[in-house]
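# Descriptive analysis of the structure
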Amino acid sequence: MELALVDDLLMIPGPTTLSSRVREALAQPQWSHSSPEFHDAFVDLLELTKYAFVTRDGFPYVITGSGTVAMEATAASLIEPGEKVLVLDTGHFGQRFALILELHGAKVDTLKFDLGKAADPGLVDSQLSKDNYKAVFVTHVDTGNTVKNAIGTITEAAHNHGSLAVVDSVCGIGGEELRFDDMGIDVAFTASQKAIGSPPGAGLIVLSKRALESMEGRKSPIRSYYFSLLRWKKVMEDPRVYLATPAVQIMLALRTALQEVKEEGIEKRWNRHNNQAAGLRAGIEALGLRLVAEEGARASTVTGFFTSESKEIQSIMRNRHGIQLARGLYEHADAMMRIGHFANLSPTGVASLLTALEMTLRKMGRDIRAGSALQAATPQLEIIS
Ligand SMILES: Cc1ncc(COP(=O)(O)O)c(C=O)c1O
């Protein structure tokens, strides 16, 4: 291990650095999952979930598991075997959704978009007019390709064609603007470990009235115990009902993290993420690096840049600067670097990252003027109050 100059900063695309209050919540004595204390905390957690999804009318779920559990519960509960669905593939997580849906018997059509490009709403609309799709599945921010999709436009197209709109916002909610009711979303979900700033271990899902009615009106039973949102509905209506033991500490930590989201204010939090992301991108480009996501498809929560030296950059950043970054996902491992920038990250954190990245590239022999990344980023970072 080489010299570490700063404390470890976790800037992978989840999990993320925890606040001290969230860490303290994890360290409380064990509560019974059937105690009145846990019941009250869980009811509060469900209300806070509605706040983070910006919904009055949606029905909230919080289930022990990860984002993939939220994906699979949605697929298993909403879609019946043989039903047609459309998946927008803007990266790995769209592909994962297509696979999960197929495993649950759906007939899946996929619209694939090139690396770095968001889903084209015009193409989505024309595909939807070709068939009778039960639902459209879109990733809000694809954490693999670091691309953001235009949710409101896509949900509108889905509704125009009578399809349900399902949004994987695992890398969105808490950092990226999403208004469940106003955007006409039928199902949205996220996971605890990303922009909400909690440890991994919980999936948060919200269903619209339309989605609930569709699930409740199924002709065939849901072919799963744990992934059945119909069963979990009873628990969410009355958390005293036992279905499976929840990860009590994870739920308490998540409640604390969501309280922090509410204290900051959701819109202020979106703006902070937006400005930090703009500063980060300006700094990265000033280092001569090319961003993966095209203009207009860039996210406030995760950023990727092309490099064939991801292994070396990752190693120097971790060992010399104490900052953890991610390489590209799967087949992109040697082609890009990914940076997660959400939840508790501050403008100072962004500045540290850019300075460390610049020093890393200079150490690798790049001809870069010292201070150029930070100089480019500062105007955006200074906007944040
Ligand atoms: C967009 C997206 N969807 C789904 C998932 C799966 O979540 P998890 O790894 O918590 O199962 C991830 C994880 O990174 C993700 O980024």
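None of these values were measured; they are calculated from a predicted model.

As a further point, take the overall build of the protein chain. Within the protein chain, the secondary structure is distributed over 13 helices and 14 strands. The C-alpha atoms of the protein chain give a radius of gyration of 21 Å, which matches the 21 Å a tight globule of 385 residues would have. Oriented by its inertia axes, the alpha-carbon framework of the protein chain measures out at about 65 × 55 × 35 Å. Across the 385 residues of the protein chain, 60% fall into the buried class.

Moving on: the sheet that holds strand β9 (residues 187-191). Read across the open sheet, the seven strands follow the order β2-β10-β9-β8-β5-β3-β4; overall the sheet is mixed. Two strands in the sheet have a free side with no partner beyond their single neighbour: β2 (59-64) and β4 (107-112). Adjacent strand axes in the sheet meet at a mean angle of 20° when their direction is disregarded. With six bridges connecting them, strand β3 (residues 84-89) and β4 associate as parallel partners. The partner of leucine 86 across the bridge, within β4, is aspartate 109. Across the sheet, helix α4 (residues 92-103) touches β3, β4, β5 (135-139), β8 (164-168) and β9, and the angle it forms with β3 is around 160°.

Attention shifts here to the packing of aromatic side chains. The full count for this structure, using the stated rule, is six aromatic pairs. With a centroid separation of 5.2 Å and 70° between ring planes, the pair formed by phenylalanine 59 and tyrosine 61 is classed as edge-to-face. Owing to a relative accessible area of 15%, phenylalanine 59 belongs among the buried residues under this scheme. Through successive ring pairs, a cluster of aromatic residues spans Phe97, Phe137 and Phe189.

Now for the nonpolar core. Core analysis: the largest hydrophobic core is formed by 89 residues, its most contacted members being Tyr61, Leu88, Leu101 and Ile205. Considering every element that reaches this core, the biggest residue donor is helix α9 (residues 248-264), with nine residues. Excluding anything up to four places from it in sequence, isoleucine 205 contacts Phe53, Phe59, Pro60, Tyr61, Ile63, Ala70, Ala73, Thr74, Val187, Ala188, Phe189 and Leu229. Within the second largest apolar cluster, 28 residues are counted, among which are Leu287, Leu325, Met337 and Leu353.

To continue, consider the domain arrangement of the protein chain. Frequently, the measure chosen for interface size is the accessible area removed from exposure when the parts meet. Looking at the protein chain, the domain boundaries give domain 1 (9-16 + 265-383) and domain 2 (20-263). The C-alpha-based centres of domain 1 and domain 2 are spaced at 27 Å. Domain 1 puts 30 residues into the contact, and the matching count from domain 2 is 35 residues. Interface area for domain 1 against domain 2, summed over the two sides, is near 2,500 Å², with a carbon-plus-sulfur share of 57%.

Time to look at the confidence of the model for the protein chain. A residue-level look at the protein chain finds 98% of positions with pLDDT of 70 or above and a mean pLDDT of 96. Here residues 1-6 is a poorly scored stretch, pLDDT under 50, and it has twelve contacts once near neighbours within four places are set aside; other chains count.

A separate point is the packing of helix α10 (residues 266-286) against helix α12 (residues 347-363). Where α10 contacts α12, the axes come no closer than 10 Å and their chain directions differ by 15°. Comparing their axes, α12 and α10 come out roughly parallel. Crossing handedness for the pair α10 and α12: right-handed. Where α10 abuts α12, its residues Gln276, Gly279, Leu280, Gly283 and Ile284 lie against Pro347, Val350, Leu353, Leu354 and Leu357.

Taking 1.5 Å of rise per residue, 17 residues should cover 24 Å, and α12 covers 24 Å from first to last C-alpha, within 8% of that figure. Those residues of α12 that sit buried are Gly349, Val350, Ala351, Leu353, Leu354, Ala356, Leu357, Glu358, Thr360 and Leu361.

According to the stated counting rule, one finds 23 salt bridges in the structure shown. The salt bridge involving lysine 148 is made with glutamate 176; its shortest N-O contact spans 3.0 Å. In this pair, lysine 148 sits in strand β7 (residues 147-148) while glutamate 176 sits in the loop between β8 and β9, placing the two residues 28 residues apart along the sequence. Accessibility expressed as a relative area gives 22% for lysine 148, which makes it partly exposed.

Next up on the list: the site of the ligand. Among the 13 residues in the neighbourhood of the ligand, the closest are listed as Ser66, Thr68, Thr143, Asp168 and Lys194. Within the side chain of threonine 68, a nitrogen or oxygen atom sits 2.5 Å from an oxygen atom of the ligand. Between threonine 143 and the ligand, the recorded distance is 2.2 Å, taken from a side-chain N or O atom to an oxygen atom. For the ligand, the accessible surface in isolation is 390 Å², of which the surrounding protein chains cover 87%. Among the elements of the structure, α3 (67-78) and α4 are those that each provide at least two residues to the shell around the ligand.

For residues besides glycine, phi is generally negative; the peptide bonds are generally trans as well. With an omega of -5°, the peptide bond between glycine 14 and proline 15 qualifies as cis. Position of proline 15 among the secondary structure elements: in the loop between β1 (9-10) and α1 (20-26). Phi is positive for valine 54, which is not a glycine, with a value near 55°. Along the chain, the position of valine 54 falls in the loop between α2 (36-53) and β2. A positive phi is found at tyrosine 330, a non-glycine position, where the angle reads about 50°. Along the chain, tyrosine 330 turns up in the loop between β13 (326-327) and β14 (336-340).

Rules used throughout
- Residues numbered from 1 in each chain as written.
- Predicted model: local features only at pLDDT ≥ 70, side-chain atom pairs only at ≥ 80, totals over all residues.
- Heavy atoms only, no water.
- Helix = DSSP H or I, 4+ residues; strand = E, 2+ residues; numbered from the N terminus.
- Rg over C-alpha atoms; globule rule 2.2 N^0.38 Å.
- Buried < 20%, exposed > 50% of the residue type's maximum accessible area, 1.4 Å probe, protein only.
- Pairing = 2+ DSSP bridges.
- Axes fitted to C-alpha atoms, helices over the stretch in contact; angles between N-to-C directions.
- Contact = heavy atoms within 4.5 Å.
- Phe/Tyr/Trp six-rings, centres within 6.5 Å; stacked < 30°, edge-to-face > 60°.
- Core = buried A, V, L, I, M, F, W, Y, C linked by side-chain atoms within 4.5 Å.
- Domains from an automatic or database assignment.
- Buried area = accessible area lost by both parts, 1.4 Å probe.
- pLDDT = per-residue confidence, 0-100.
- Parallel < 35°, antiparallel > 145°, perpendicular 65-115°, else oblique.
- Left-handed = near helix turned anticlockwise from the far one by under 90°.
- Expected span 1.5 Å × (residues − 1).
- Salt bridge = Lys/Arg side-chain N within 4 Å of Asp/Glu carboxyl O.
- Near = heavy atom within 4 Å.
- Polar contact = N/O pair within 3.5 Å; in protein donor to acceptor, adjacent residues only side chain to side chain.
- Areas by Shrake-Rupley, 256 points an atom, 1.4 Å probe, with all protein chains shown as cover.

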